[in-house]
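Residues per chain are reported as follows:
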Amino acid sequence: IQFKAKGIAEDNSVILSRRDVQKEALEEAIQNLKEGDVINGIVKNITSYGAFVEIGGGVVGLAHIEDLSVARIKSPFERLKIGQKVNIVVKSIDRNANKISLSYKENFGTWKENADKFKVGDKVSGIIRETEKNKNGIFIELTPNLVGMIEYKSGLLYGNKVNVLIKKIDYDKQKIKLSLIN
């Protein structure tokens, strides 16, 4: 923990300020960081809408839930833990509001890099990530940055593991068609 000495009190005790250090660190971060920079951080707090990550000197940025994973997740706790050290990407900087937006999902590789790990005919396990009945189906997470889709089937629960067969990998549309293995 860093403090800045503000002065000496009448009883000769030193007056310290953490807030001044944070203010200076934030000003420096806002001026020196660029979008796309990969920086080290520590997860300080997790809410339903994202994770707050300290990136040094008490400066905290927010990684919204949609920036934690390509796969639809219900809670940031599915990707991060408080106290976890992470590499995180600077997504945007609002210099007027002194806010830093962060993204974690880039750590898991691109769609193509993840899709290249699989081939048609592979039998793999995945995690159910979207169970809402719709015309398209149910999303299955194969890796944190790669989802495929199976036809809708009732009784499947979010977060459960399932075994699937890879039926088709469409690199042009970045889609993977799966079928459920009973």
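Above this text you will find the structure in question.
The following refers to the structure shown.

Rules and cut-offs
Residues numbered from 1 in each chain as written. Predicted model: local features only at pLDDT ≥ 70, side-chain atom pairs only at ≥ 80, totals over all residues. Heavy atoms only, no water. Salt bridge = Lys/Arg side-chain N within 4 Å of Asp/Glu carboxyl O. Helix = DSSP H or I, 4+ residues; strand = E, 2+ residues; numbered from the N terminus. Buried < 20%, exposed > 50% of the residue type's maximum accessible area, 1.4 Å probe, protein only. Core = buried A, V, L, I, M, F, W, Y, C linked by side-chain atoms within 4.5 Å. Contact = heavy atoms within 4.5 Å. 1 Å grid on protein atoms, 1.4 Å probe; cavity = no way out; pocket = protein on both sides within 12 Å on 5 of 7 lines; lining within 4 Å. Points joined across faces, edges and corners; volume = space filled by probe spheres on them. Lys, Arg positive; Asp, Glu negative; His and termini not counted. Polar contact = N/O pair within 3.5 Å; in protein donor to acceptor, adjacent residues only side chain to side chain. Patch = residues over 30% accessible without salt bridge, like charges linked within 9 Å, V, L, I, M, F, W, Y side chains within 5 Å. Areas by Shrake-Rupley, 256 points an atom, 1.4 Å probe, with all protein chains shown as cover. Charge placed at Lys NZ, Arg CZ, Asp CG, Glu CD.

### Describing the pattern of salt bridges
- The final tally for this structure, using the stated rule, is eight salt bridges.
- The closest approach of N and O atoms between Arg79 and Glu141, which form a salt bridge, is 2.5 Å. Of the two residues, Arg79 is situated in the loop between strand E5 (59-64) and strand E6 (85-94) and Glu141 in strand E9 (residues 138-143); the sequence distance between them amounts to 62 residues. Glu141 matches Arg79 in its accessibility class, with the two residues each being buried.
- Glu141 is the salt-bridge partner of Arg129, the closest N and O atoms lying 2.4 Å from each other.

### Quick look at the nonpolar core
- Leu33, Ile55, Leu80, Ile88, Ile100 and Leu102 are the most contacted members of the largest nonpolar core, which has 24 residues in total.
- Mapped by element, the contributors of at least two residues to this core are helix H1 (18-32), strand E3 (38-47), strand E4 (50-56), E5, E6 and strand E7 (99-103).
- The contacts of Leu102, once residues within four sequence positions are left out, are Ile39, Val53, Ile55, Gly61, Leu62, Ala63, His64, Asp67, Ile88, Val89, Val90 and Lys91.
- The next biggest cluster of nonpolar side chains, apart from the first, holds 17 residues, and it includes Ala115, Ile166, Ile176 and Leu178.

### Considering the layout of surface pockets
- Reported here for the largest pocket is a volume of approximately 380 Å³.
- Breaking the lining of the largest pocket down by element, the ones donating at least two residues are strand E10 (146-150), strand E11 (161-170) and strand E12 (175-180).
- Among the elements that make up the lining of the largest pocket, the one with the highest residue count is E10 (five residues).
- In terms of lining residues, the second largest pocket is bounded by Phe52, Val60, Gly61, Leu62, His64, Ser92, Asp94, Asn98, Lys99, Ile100 and Ser101.

### Quick word on the side chain of Asp170
- Position of Asp170 among the secondary structure elements: in strand E11.
- The buried charged residue Asp170 lacks any salt bridge partner; its closest oppositely charged side chain belongs to Lys168, at an N-O distance of 4.3 Å.
- From its side chain, Asp170 meets the backbone nitrogen of Asp172 in a polar contact 3.0 Å long.
- Within polar-contact distance, the side chain of Asp170 engages the backbone nitrogen of Lys173 at 3.0 Å.

### Examining a positive patch on the surface
- Taken together, the side chains of Lys167, Lys168, Lys173, Lys175 and Lys177 define a basic patch exposed on the protein surface.
- Mapped by element, the contributors of at least two residues to the positive patch are E11 and E12.
- Mapped onto the fold, Lys177 is located in strand E12.

### A word on the environment of Ile181
- Within the fold, Ile181 resides in the segment after E12.
- Along the chain, Ile181 and Lys99 lie 82 residues apart, while their C-alpha atoms are 46 Å from each other.
- Each residue touching Ile181, except ones within four places of it in the same chain, is listed here: Lys123, Asn163, Val164 and Leu165.

### A word on a nonpolar patch on the surface
- Among the surface-exposed residues, Ile8, Val14 and Leu16 lie close enough to one another that they form a single nonpolar patch of about 310 Å² accessible area.
- Topologically, Ile8 is positioned in strand E1 (residues 4-8).
- Ile8 gets classed as exposed once you look at its relative accessible area, which sits at 63%.

### Quick word on the side chain of Arg129
- Summarising the element assignment, Arg129 is placed in strand E8 (residues 123-130).
- For Arg129, a relative accessible area of 7% corresponds to the buried category.
- Within the local environment of Arg129, its side chain forms a polar contact with the side chain of Tyr158, the two groups lying 3.3 Å apart.
- Leaving out residues up to four positions away in the same chain, Arg129 has contacts with Ala71, Arg72, Ile73, Glu78, Arg79, Phe139, Glu141 and Tyr158.

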